[in-house]
Protein chains: 2
Amino acid sequence: MQIALAQLNYIVGDISGNSQLILKQIEKATANGTDLIVFSELSICGYPPLDLLERRAFVESSLAAIEDIATLVPEELGVIIGGPEINSEDEGKLLYNSAFFLNNGKIKNVFRKSLLPTYDIFDEYRYFEPNKDFSILKFKNKKIAVTICEDLWDDQPDEKEFSRSRLYKIHPLEEMMAHGPEAVINIAASPFSAGKHNIKKQIFTDKAKKHALPVIMVNQIGANTELIFEGGSFIASPDGNIYHQLALFENDYYEFDLDDIKSNKNQIIKNNYDRIALIHDALVLGIRDYFIKSGFNKATLGLSGGIDSAVTLALAEKALGNEKIHVLLMPSQYSSNHSIEDSVLMADNLGIKYSIIAIEDIFNLYKDALTPIFQNLPEGTAEENIQSRIRGTLLMALSNKLGNILLNTSNKSETAVGYGTLYGDMAGGLSALGDVYKNDVYKLAKHINLEKEIIPQNIIAKPPSAELKPDQKDSDSLPDYDTLDEILDLYIEKQIVSDQIIEMGYDKTIVNKITRLVNINEYKRYQTPPILRISSKAFGIGRRIPIVGKY
Amino acid sequence: MQIALAQLNYIVGDISGNSQLILKQIEKATANGTDLIVFSELSICGYPPLDLLERRAFVESSLAAIEDIATLVPEELGVIIGGPEINSEDEGKLLYNSAFFLNNGKIKNVFRKSLLPTYDIFDEYRYFEPNKDFSILKFKNKKIAVTICEDLWDDQPDEKEFSRSRLYKIHPLEEMMAHGPEAVINIAASPFSAGKHNIKKQIFTDKAKKHALPVIMVNQIGANTELIFEGGSFIASPDGNIYHQLALFENDYYEFDLDDIKSNKNQIIKNNYDRIALIHDALVLGIRDYFIKSGFNKATLGLSGGIDSAVTLALAEKALGNEKIHVLLMPSQYSSNHSIEDSVLMADNLGIKYSIIAIEDIFNLYKDALTPIFQNLPEGTAEENIQSRIRGTLLMALSNKLGNILLNTSNKSETAVGYGTLYGDMAGGLSALGDVYKNDVYKLAKHINLEKEIIPQNIIAKPPSAELKPDQKDSDSLPDYDTLDEILDLYIEKQIVSDQIIEMGYDKTIVNKITRLVNINEYKRYQTPPILRISSKAFGIGRRIPIVGKY
């Protein structure tokens, strides 16, 4: 049996556009004489469709599109497409998350998702009823277990301190084994996170080995707002190796003979991706898709002379091209001499248009206007924030006038401790680095400079500073970034509380200060732009911490 | 059997504070010779605890606090407290949402929630395993079915076009009836929405009548960030009437003899609350608790001379008192003559401190600074937004310097269509009116003025305008608010798509324009402050629409 895997980039909600993408691949498979072509989870409507699933017309249009596609499927070809299905029973959630099997002009079978991830960024139980019927596909004398993403994640690794590997009471593949499948297909929409790419493969190769069956996983690629999907669809052979893997972060199409997998002609694939290279490629795709899928293609950002805006600019240039970017340099009386020079050099390195607007006069006018209220109160955070908000206002003015979306340049370390100004440097349509700790920002800079110096060495070498008052350094008010990032990782990703972090040997005063800063700044993070997610716990929809509370 | 209902205002995460509140009521009940005292759902940790439930130490502290409370409970008294419980089985979610029965120094029984709401603002399946064991409480020769909130909502009314009344396959009370309960207790954390208050009572009185049993519902009061809980705990008698209802929006404590309910001495309670009065009281509580529970007590806002900021100010004054508020009046060259006069009159009516800062000079300086980039491009949205962002910057400067939280003044109609400036008038720590349509803002103004004129008539009578360019009116770019609000209600609350709204008789051009504006402004709403929720579908965590997508 010739099976084709179609790894595509869908747009959420764009049912007709997604149908066209799918039909093109079906035409190719038909021409090739392929037996079965497989598309990813909810491919008809894009993943995640979120509350669009609560609109009857949206679900009905998805179903109609699948029926339309079916009419074009010949007798020789089987097609597996993901889409929402209406639950016809009187009770339970209204929908199933289903894999539709199309053949010879019709929807012939439907296989429904049993395990509905409802944690972190996933809310599938919000929409879907879990399946409890474990039939399998019989087509061209083959028996195939059709599963959907999480269905094979019943034994998932514990990721944080307070979690468990057996989140589910049902084990779909065990149930399906009773029917004697000869292969397992898994249609997925499995988002990228830097630590998870290898774990994913481990989970599937373990399943393949345990049941001595080929496991074929088809993922989508592309980014939908904050979620990035890396593709990397693969075929695990019955001995627990990877037979073939599709491209990362790119559309791909791969056809193979199922008997080749079963006869165990393994092409063992290397698994050792460089973590920073993966993050880099993920962020570039994340930026590109945010712009393209929103119908925009031009960006702006503020280049401060610091590492965060430099790395953001380099990523944006990769994603959009240098002609689509216009940056602002906005020095104040507190900017260091090098800030402008370094920024100009960086922009010139990439051939990027820049404008310089000094903010001192506007800043002074604000201060004058506020004198009657502030009287003789000493200068402090209020004045620092005014500078940052002047820059935000200028960047947004450029964005509004020229149609360039403002890219936010904040990193995860500063976002975590609230070291940023709402409506100032926290502004933007999309945050490129909001899930990247400061130390990883430095590593990204090194990676970007691998072939030639794009980010000037001076930007990498200088001590981090917000430059909002004389001689200010990040280290004046924060511990060194090595310590900060370690503690933040324990508190945010691993969800370990302060007392336990202190028990692990970290300084009590520092730990308590940092975790307190994280807690009291939930209100700020609530108003940040969507953050491209590259870790197992990003700020945003996957992390829901009360703003008002005492903890 | 003497039963006491304790309706209290808990702080999310404040386990020791909540314990103290609970212990005080237990002392009272002990002194009164009460048999059973009932607290609301997850009372030990506050509702909703969100992802704090993913921290082991948080769950263990909650459990330890309940054990500590138990040691103080005498032999004569039974206590029902809500809290998270660890699921000791190997599989399934880590926690249960449980009702702990305490008596004679110990936790004697635990009853677990079966129906876990996972829709709109609710994400309970994210944390909890559903209960499947339907035992009941036996205490002092009474048999009582102990249920938790949603457990009695198995037949809930359809709220939107594409929903269903039987969301669950399990019907807890039906299961419990096998044990012959003599009464039903329901501990709840049931948030306010204006249309739902009467529906809640209907659901419970229907259950009472169906099973000919008293149903006792204990809700919490108070607001936690965007969610407002109205209290209004009540006792439904076996004939389907309300025997007694506790206070709305206030702490309350009520003790009664269970036999009085069973013998059917009904005190039928009126059910016809004025919708606008309920919304008013809810918003006042919402503002007050946001400030108090965050440890702040001072507010600022920008008073524009329009209806939205006037109503927000009146609500804030009720919530915090006039001495805790400092407003800014920030006229530009486009402000009407009356804007300042009306605003001053309004502030004076309430005895509120105000400062006036004209923004024209700052605005001109921004325009000068941007001339090299903007060249001769005509003035437009960019310049309008600069004015709004200058005001946002001034308000935030006051907030930063004096420690006054900025209250946002946007209403739901303008938030829906994106008629507002990010980082400008969309700034703030909390949005008071972001779930109130413009027409209801007018009704609130009328309600506020019922006894005496607080909001000057001129503010109510003038045509709405953003005053960001000469002679601007909202009606220049939006349909009249009656039409707008109706279409928005159909699209947002009822989740009916454009084509169907047009079929209902609305103008096609207007409907398509409005729904398109709603769709393309998801990115703006993503960055708004938390919005006090008073409807069945507020912007915020309960409404999850893709930002990037095509729909």
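This write-up is about the structure you can find in this document. (Residues numbered from 1 in each chain as written. Chains lettered and ligands numbered in written order. Predicted model: local features only at pLDDT ≥ 70, side-chain atom pairs only at ≥ 80, totals over all residues. Heavy atoms only, no water.)

As a further point, take the pairing of strand E1 (residues 2-7) of chain B. All names here are of chain B. Most of E1 is tucked away: five of the six residues are buried. Pairing geometry for E1 and strand E14 (residues 252-257), over six bridges, is antiparallel. Bridge assignment links Gln 2 to a residue of E14, and that residue is Asp 257. Across three bridges, E1 lies against strand E2 (residues 36-38) in parallel orientation. Note that in E2 the partner of Ala 4 across the bridge is Ile 37. Read as a crossover between parallel neighbours, the route from E1 over helix H1 (residues 15-32) to E2 is right-handed. (Buried < 20%, exposed > 50% of the residue type's maximum accessible area, 1.4 Å probe, protein only. Helix = DSSP H or I, 4+ residues; strand = E, 2+ residues; numbered from the N terminus. Pairing = 2+ DSSP bridges. Right-handed = clockwise from strand over helix to strand, strands pointing away.)

All right, on to the packing of helix H6 (residues 275-294) of chain B against helix H12 (residues 438-448) of chain B then. All names here are of chain B. Here H6 crosses H12 at 85 degrees, and the two axes come no closer than 10 Å. Accordingly, the angle class assigned to the pair H6 and H12 is roughly perpendicular. Counted together, Arg 275, Ile 276, Ala 277, Ile 279, His 280 and Leu 283 of H6 and Asp 440, Lys 443, Leu 444, His 447 and Ile 448 of H12 form the full contact between these two elements. Classifying every residue of the contact of H6 with H12 gives six nonpolar, two polar and three charged. (Axes fitted to C-alpha atoms, helices over the stretch in contact; angles between N-to-C directions. Parallel < 35°, antiparallel > 145°, perpendicular 65-115°, else oblique. Contact = heavy atoms within 4.5 Å. Nonpolar A, V, L, I, M, F, W, Y, C, P; charged D, E, K, R; others polar.)

With 107 residues of chain B at the interface, the matching set in chain A holds 107 residues. Of the roughly 9500 Å² buried between chain B and chain A on both sides combined, carbon and sulfur atoms contribute 60%. For the pair chain B and chain A, the interface holds 14 salt bridges. When the shortest N-O distance is used, the salt bridge between A:Arg544 and B:Asp123 registers 3.2 Å. Tallying contributions element by element places helix H10 (residues 381-402) of chain B first for the side of chain B that touches chain A, with 14 residues. (Buried area = accessible area lost by both parts, 1.4 Å probe. Salt bridge = Lys/Arg side-chain N within 4 Å of Asp/Glu carboxyl O.)

Residues and elements named next belong to chain A. An order of E17-E16-E15-E18-E19 is seen for the five strands of this open sheet, with the pairing classed as parallel. Bordering the open sheet on either side are strand E17 (353-356) and strand E19 (430-431), each of which pairs with just one other strand. Sheet topology note: the strand E18 (residues 405-408)/E19 ladder contains two bridges and is parallel. Bridge assignment links Asn 408 to a residue of E19, and that residue is Ser 431.

When we look at a pair of aromatic rings, we describe it by the centre distance and by the angle of the planes. If you walk through the whole model with that rule in mind, you get 21 aromatic pairs over all chains. Relative to B:Tyr125, the ring of A:Tyr125 lies with its centre 4.4 Å away and its plane at 40 degrees, an arrangement referred to as tilted. Linking A:Tyr125 in the loop between strand E5 (106-112) and strand E6 (137-139) with B:Tyr125 in the loop between strand E5 (106-112) and strand E6 (137-139), this pair reaches from one chain into another. For the pair formed by A:Tyr125 and B:Tyr125, the shared burial category is buried. A ring pair is formed by A:Trp153 and A:Phe204, whose centres lie 6.4 Å apart and whose planes are at 80 degrees; its orientation type is edge-to-face. Here A:Trp153, found in the loop between strand E7 (142-148) and helix H3 (172-176), pairs with A:Phe204, found in helix H4 (residues 197-211); they are 51 residues apart in sequence, far enough to count as distant. Assessed through its relative accessible area of 1%, A:Phe204 is described here as buried. Put simply, the rings of A:Trp153, A:Phe204 and A:Phe234 pair up and form one aromatic cluster. Lying over the aromatic face of B:Tyr253, B:Lys28 brings its terminal NZ or CZ to 4.0 Å of the ring centre. (Phe/Tyr/Trp six-rings, centres within 6.5 Å; stacked < 30°, edge-to-face > 60°. Lys NZ or Arg CZ within 6 Å of the ring centre and 35° of its normal.)

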